[in-house]
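So you can see what is in the structure, the chains are spelled out below.
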Amino acid sequence: MAFYGRVKSGISLCNKLGLLSSQRSTLQRSLIAPSISQASRNFADVPGQKETKIKVPIAMFGGSGNYASALYIAAVKVNAVEKVDSELIQFVEGVKGSPITSQFIKDISVAKDVRVKVIQDIASQAKFSDVTKNFLVLLAENGRLKNVDTIAKRFAELAMAYKGEVKATVTTVIALPPEEENALKQTVQEMLGSGAKVKLEQKIDPSILGGLVLEFSQKVFDMSIKTRAQQMERILREPANYSI
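Everything quoted here is computed from the prediction, not taken from an experiment. (Residues numbered from 1 in each chain as written. Predicted model: local features only at pLDDT ≥ 70, side-chain atom pairs only at ≥ 80, totals over all residues. Heavy atoms only, no water.)

### With respect to the nonpolar core
Thinking step 1. One finds Phe91, Leu136, Leu139 and Phe155 to be the most contacted residues of the largest nonpolar core, which totals 38 residues.
Thinking step 2. For this core, the secondary-structure elements that each account for two or more residues are helix H4 (62–77), helix H5 (81–96), helix H6 (99–106), helix H7 (112–125), helix H8 (130–141) and helix H9 (148–162).
Thinking step 3. Within the second largest apolar cluster, 9 residues are counted, among which are Ala168, Val170, Val198 and Leu214. (Core = buried A, V, L, I, M, F, W, Y, C linked by side-chain atoms within 4.5 Å. Buried < 20%, exposed > 50% of the residue type's maximum accessible area, 1.4 Å probe, protein only. Helix = DSSP H or I, 4+ residues; strand = E, 2+ residues; numbered from the N terminus.)

This is the structure:
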């Protein structure tokens with residue numbers, strides 16, 4: 001409800017002011033880019049500072065990946081990766097919890113200046129960091145607010161790599177009890193070695209019938225009853241060979 005109120009007040013303010021003033025700060029101007037690649041370069045730059053080469057820990061592809069990578073570089077430069085990650089999650093969850101906000105960010109007919117002003121108002125009232133605020137403004141400028149959920153997920157992957165965390169997903173029919181969850185987490189930890197911190201996420205899927213499916217580091221260990229039954233069915237369907 002509070003998130004809806006911020007959007008409503010932002011839209012009302014825009015209606016009173018009409019179009020925004022054309023004046024922008026130097027940093028805001030640098031965010032207005034004609035292409036994704038240019039946006040990535042401009043957003044990562046901090047005026048007055050010597051350029052520092054920052055390596056993105058995971059290769060990201062596509063438009064959302066490029067935006068997430070640009071945000072990661074900017075966040076690393078000001079040592080705010082975890083804060084930006086938290087703020088992006090807060091923004092995405094706020095959008096999901098407000099139908100009017102969700103519709104607003106998807107409506108491409110909304111004037112660019114109105115989009116920008118509303119986002120600035122939301123970010124200011126939420127007390128977001130400058131990096132997050134300016135990034136959301138960039139998305140508003142470039143008509144990419146509709147992709148913020150996907151971008152946030154890509155950025156979360158980068159943030160986990162930055163913290164040395166590895167995400168493991170276990171799918172079961174019912175939730176694992178705490179002791180089994182901890183044992184599974186410890187098993188994955190041993191497989192990865194002491195250099196990584198495992199973050200285990202549980203998913204419930206009755207269709208696997210039983211057992212579990214474990215995914216981490218682009219590996220899949222399918223120990224579900226469903227898969228075993230399918231494998232057994234394929235074996236039974238194969239013609240028997242009785243030749244001596």
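### Some points on the environment of Ala175
Thinking step 1. Inspection of the secondary structure puts Ala175 in the loop between strand E1 (165–172) and helix H10 (178–192).
Thinking step 2. Excluding residues within four positions of it along the chain, Ala175 makes contact with Gln202 and Ile204. (Contact = heavy atoms within 4.5 Å.)

### Focus on the sheet that holds strand E3 (residues 211–216)
Thinking step 1. Spatial ordering of the open sheet is given by E2-E1-E3-E4, a layout of 4 strands whose pairing is mixed. The two strands at the open ends of the sheet, each matched to only one other strand, are strand E2 (197–204) and strand E4 (219–224). Neighbour-to-neighbour, the strand axes of the sheet open up by a mean angle of 15°, direction not taken into account.
Thinking step 2. The strands touched by helix H11 (residues 225–237) within the sheet are E3 and E4, with E4 carrying the most contacts at an inclination of about 80°. (Pairing = 2+ DSSP bridges. Axes fitted to C-alpha atoms, helices over the stretch in contact; angles between N-to-C directions.)

### Side note on the packing of aromatic side chains
Thinking step 1. This structure, assessed with the given rule, holds 3 aromatic pairs.
Thinking step 2. Ring geometry for Tyr72 and Tyr162: centres 6.1 Å apart, planes at 80°, overall edge-to-face. Taken together, the residues Tyr72 in helix H4 and Tyr162 in helix H9 connect sequence positions 90 residues apart.
Thinking step 3. Between Phe216 and Phe221, the aromatic rings sit 5.7 Å apart at their centres with planes inclined by 25°, giving stacked as the arrangement.
Thinking step 4. According to the relative accessible area criterion, Phe221 is partly exposed, its value standing at 31%. (Phe/Tyr/Trp six-rings, centres within 6.5 Å; stacked < 30°, edge-to-face > 60°.)

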